[in-house]
Structures are given as structure tokens and as C-alpha cells.
Amino acid sequence: MTALQNMWFAFFGIFLMFVSVGSTMLSQKLSGFWRIVVLTFSFMCLIVAGLIVLIIVVRGPIAD
């Protein structure tokens, strides 16, 4: 993976974190079944974003 691809991958992880926060805020306005669905989606986005950030950090800098 090139440095540019690594950057876009990290940006996607950051975007997923924003999606997670937004959907968590949206779930506060919902009730019942939809609240659980939106919170589950939010939690899954947060897990995927965390894994992406972990992969980027553990791999370290890319030497071209």
C-alpha cells in the first residue's frame, strides 16, 4: 500500500468515527426498535474505525 492509499484509508476511518457520533446523536431522538438499530450501526462503525486506526498506527510510517 502506498503512502497516499494509507492516507485515504486513515481518512475513511476518521469519517466512520464522525458517522458513529452522528448516528449516536440521532439515536437519542428515536425510541424502541429504531434506537437499537441505529446504536448497533453506530457501534459497528466505531469498531471498524478503531481497527482501521489501529492498523495504520501499528504499520508505522511508509518508506517509499
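A short tour of the structure in this document, coming up. Residue indices follow the written sequence of each chain, beginning from 1 at its first position. Local features in this predicted model are restricted to residues of pLDDT 70 or higher, and side-chain atom pairs are both shown and tallied only at a pLDDT of 80 or more, whereas totals for entire chains, interfaces and linings draw on every residue. Remark: hydrogens and water are excluded; side-chain values derive from all non-hydrogen atoms of the structure.

**Some details on the overall build of the protein chain**
Part 1 of the argument: Think of it this way: any DSSP run of H or I at least four residues long counts as a helix, any run of E at least two long counts as a strand, and we number them from the N terminus. Helix and strand counts for the protein chain come out as two helices and zero strands.
Part 2 of the argument: With C-alpha atoms as the basis for the radius of gyration, the globule rule is written as 2.2 Å multiplied by the number of residues raised to the power 0.38. Taken over C-alpha atoms, the radius of gyration comes to 15 Å for the protein chain, far larger than the 11 Å a tight globule of 64 residues would show.
Part 3 of the argument: For the protein chain, the spread of C-alpha atoms along the principal axes amounts to about 50 × 15 × 10 Å.
Part 4 of the argument: Each residue's exposure class comes from its accessible area (1.4 Å probe, protein chains only) as a fraction of the maximum for that residue type: buried when under 20%, exposed when over 50%, partly exposed otherwise. Put simply, the protein chain has 64 residues, and 19% of those count as buried.
Part 5 of the argument: Note on contacts: a residue pair is in contact if any heavy atoms of the two residues lie within 4.5 Å. When contacts within the protein chain are restricted to residue pairs at least 6 apart in sequence, long-range pairs at least 24 apart make up 64% of them.
Part 6 of the argument: Only the protein chains shown count as cover for residues, and all accessible areas are computed by the Shrake-Rupley method using a 1.4 Å probe. Within the structure as shown, the protein chain displays about 4,800 Å² of accessible surface, and the carbon and sulfur contribution to it stands at 80%.

**Description of the packing of aromatic side chains**
Part 1 of the argument: Two aromatic rings, drawn from Phe, Tyr or Trp (for Trp, its six-membered ring), form a pair once their centres lie within 6.5 Å of each other, and the interplanar angle then sorts them: stacked below 30 degrees, edge-to-face above 60, tilted otherwise. Within the structure shown, the criterion is met by two aromatic pairs.
Part 2 of the argument: The interplanar angle of 75° and the centroid separation of 5.7 Å between the aromatic rings of Trp8 and Phe11 together place this pair among those described as edge-to-face. Placement of both Trp8 and Phe11 in helix α1 (residues 3-27) is noted, with a separation of three residues, approximately one turn of the helix.
Part 3 of the argument: Given the relative accessible area of 44%, Phe11 is considered partly exposed.
Part 4 of the argument: With centroids separated by 5.4 Å and ring planes inclined at 70°, the aromatic side chains of Phe33 and Trp34 adopt a geometry described as edge-to-face.

**Structural notes on helix α2 (residues 33-59)**
Part 1 of the argument: The first and last C-alpha atoms of α2 sit 39 Å apart over 27 residues, in line with the 39 Å expected at 1.5 Å per residue.
Part 2 of the argument: Taken as a whole, α2 has its buried residues at Val38, Ser42, Cys45, Ala49, Ile52 and Ile56.
Part 3 of the argument: Summarising the contacts, the buried residues of α2 are in contact with α1.
Part 4 of the argument: Looking at the residues trailing α2, positive phi occurs at Gly60, about 80°. What a helix is expected to span follows from its residue count: subtract one and scale by 1.5 Å.

**Let's talk about the nonpolar core**
Part 1 of the argument: Buried Ala, Val, Leu, Ile, Met, Phe, Trp, Tyr and Cys residues that are joined via side-chain atoms within 4.5 Å together make up what is termed a nonpolar core. With five residues, the main nonpolar core is built from Leu16, Cys45, Ala49, Ile52 and Ile56.
Part 2 of the argument: The element that contributes the greatest number of residues to this core is α2, accounting for four residues.
Part 3 of the argument: Ignoring any residue separated from it by four or fewer positions in sequence, one finds Ala49 in contact with Gly13, Leu16 and Met17.

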